[in-house]
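# Results of the structural survey
Each chain, written out:
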Amino acid sequence: MHRRRRTALVLTAAIAAAAPLLTACGNDAHPGAAAVVGGQRITVAQLENRVKEVRRAQRAAVPDETQYQQVVSSTSSLTRDTLHNMVLDRVLHRAAQDQGITVTRKEIQQMRADLERQAGGGKGLETAWLQKYGIAPARLDDNLRLQLEAQKLAEKLGTDTSRPAFWKALSKASEELHVDLNPRYGTWDVQKSSRVDAGTPWVREVTTAGGQPVSA
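Here the structure is a predicted model, which means the values were calculated and not measured.

Reading the values: the criteria
Within each chain, residue numbers correspond to sequence positions counted from 1 in written order. Where local features are concerned, this predicted model is filtered to residues with pLDDT of at least 70; where side-chain atom pairs are given and counted, the filter is 80 or more; whole-chain, interface and lining totals use all residues. Hydrogens and water molecules were not included; the side-chain quantities draw on all heavy atoms of the structure. What makes a salt bridge here is a side-chain nitrogen of Lys or Arg within 4 Å of a carboxyl oxygen of Asp or Glu, nothing more. Counting from the N terminus, the helices are DSSP H or I runs at least four residues long and the strands are E runs at least two residues long. Accessibility here uses a 1.4 Å probe with only protein chains present; expressed as a share of the type maximum, an area under 20% marks a residue as buried, one over 50% as exposed, and anything in between as partly exposed. Two strands qualify as a pair provided that DSSP identifies no fewer than 2 bridges between them. Centre distance within 6.5 Å is the pairing criterion for rings of Phe, Tyr and Trp, where only the six-membered ring of Trp is used; planes under 30 degrees apart are then read as stacked, over 60 as edge-to-face, and the remainder as tilted. Two limits define a charge over a ring: the Lys NZ or Arg CZ must be within 6 Å of the ring centre, and within 35 degrees of the ring normal. Only the contacting stretch of a helix is used when fitting its axis, a line to C-alpha atoms as for every element, and angles between N-to-C directions run 0 to 180 degrees. Angle categories: roughly parallel below 35 degrees, roughly antiparallel above 145, roughly perpendicular from 65 to 115, and oblique for all the rest. Whether two residues are in contact is decided by their heavy atoms: any pair within 4.5 Å suffices. Throughout, the ten residues Ala, Val, Leu, Ile, Met, Phe, Trp, Tyr, Cys and Pro are labelled nonpolar, Asp, Glu, Lys and Arg are labelled charged, and all others, Gly among them, are labelled polar.

## Focus: the pattern of salt bridges
- All told, the structure shown has 14 salt bridges when counted by the stated rule.
- Two residues, Arg94 and Glu176, come together in a salt bridge whose shortest N-O distance is 3.1 Å. One end of the pair, Arg94, is in helix H5 (residues 78-98); the other, Glu176, is in helix H9 (residues 164-177), and 82 residues separate them in sequence.
- Classification of Arg94 as partly exposed rests on a relative accessible area of 27%.
- Residue class for Glu176 comes out partly exposed when judged on its relative accessible area of 26%.
- A salt bridge links Arg117 to Asp114, with the shortest nitrogen-to-oxygen separation between them at 2.3 Å. Taken together, the residues Arg117 and Asp114, both in helix H6 (residues 105-119) and three residues apart, mark about one turn of the helix.
- Asp114 sits in the buried class, given a relative accessible area of 4%.
- Each of Arg105, Arg112, Glu116, Glu126 and Asp141 takes part in a single network of salt bridges with overlapping partners.

Structural data, given as structure tokens:
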């Protein structure tokens, strides 16, 4: 596999912790908003719909009621995690735009094909992303676009997703976007990690079908 696609992407809560400009403030001026990023609202309804997508996919994957309730219990922070990820999606996209980075449909399709081969098929990949990262099948291509943006951004900066130069680019994008999180969903005190109480499932190490990280 091409080295670009074999690179393990490690964008976890550490990135948020390393982005001191990604902070929260009161959201009373934005009724109905779960967050405001770059002047654009992420509404409570949008957040709830995204969470419902995941729950529906989980229900379809686990039809047994007892097992499904166990899945729900193990992902009890899904709403906050989802909002966290929706915000970081926009931050990463802005950072990529700042560097003139684009991702083509062909690149997404190629990455998906590579991962499907590792996961034993399209269904296997969708199931893995749902279980490990809380990504509904309908959002898989969007997530892969972000994976590619993160990888291209790191390469453009001559670094990788675990290094300070990459975090600095996200901090700059966060400042530009003026992230405003509704306190109902916690805070973004990133230096103390008071809101970052879970990982960032949408960009993780790309794994093999056996669950082991793909080495660079």
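## Describing the environment of Leu115
- Counting through the fold element by element, Leu115 comes out in helix H6.
- Classification of Leu115 by relative accessible area gives buried; the value is 4%.

## Describing the pairing of strand E2 (residues 40-43)
- Bridge analysis of strand E1 (residues 33-37) against E2 gives four bridges, and the strand direction is antiparallel. Its bridge partner being in E2, Ala33 is matched across the sheet by Thr43.

## Structural notes on the packing of aromatic side chains
- According to the stated counting rule, one finds one aromatic pair in the structure shown.
- Centroid distance Trp129 to Tyr133: 4.9 Å. Interplanar angle 90°. Geometry classified as edge-to-face. Here Tyr133 and Trp129 lie together in helix H7 (residues 122-133), a separation of four residues that amounts to about one turn. Per residue, the accessibility class of Trp129 equals that of Tyr133, and both read buried.
- One cation-aromatic arrangement involves Arg59 over Tyr68; the distance from NZ or CZ to the ring centre is 4.0 Å.

## Considering the packing of H7 against helix H8 (residues 140-156)
- Contact geometry of H7 with H8 gives a least axis separation of 11 Å together with a crossing angle of 75°. Taken together, H7 and H8 sit at an angle that is classed as roughly perpendicular. Note on element contacts: H8 touches H7 through Leu140, Asn143, Leu144 and Gln147, opposite Leu125, Glu126 and Trp129.
- Grouping the amino acids of the contact of H7 with H8 by side-chain chemistry returns four nonpolar, two polar and one charged.

## Looking at unusual backbone geometry
- Its identity as a non-glycine residue notwithstanding, His178 has a phi of 50°, on the positive side.
- Within the secondary structure, His178 sits in the loop between H9 and strand E3 (180-181).
- Overall, the relative accessible area of 62% leaves His178 in the exposed class.

## Details of the sheet that holds E3
- Read across the open sheet, the three strands follow the order E2-E1-E3; overall the sheet is antiparallel. A single partner strand is all that each edge strand has here, and the edge strands are E2 and E3.
- Those strands touched by helix H3 (residues 44-61) are E1 and E2, and its axis lies near 50° from that of E2.
- In the packing of H5 onto the sheet, the strands contacted are E1, E2 and E3, and the crossing angle to E2 comes to about 160°.

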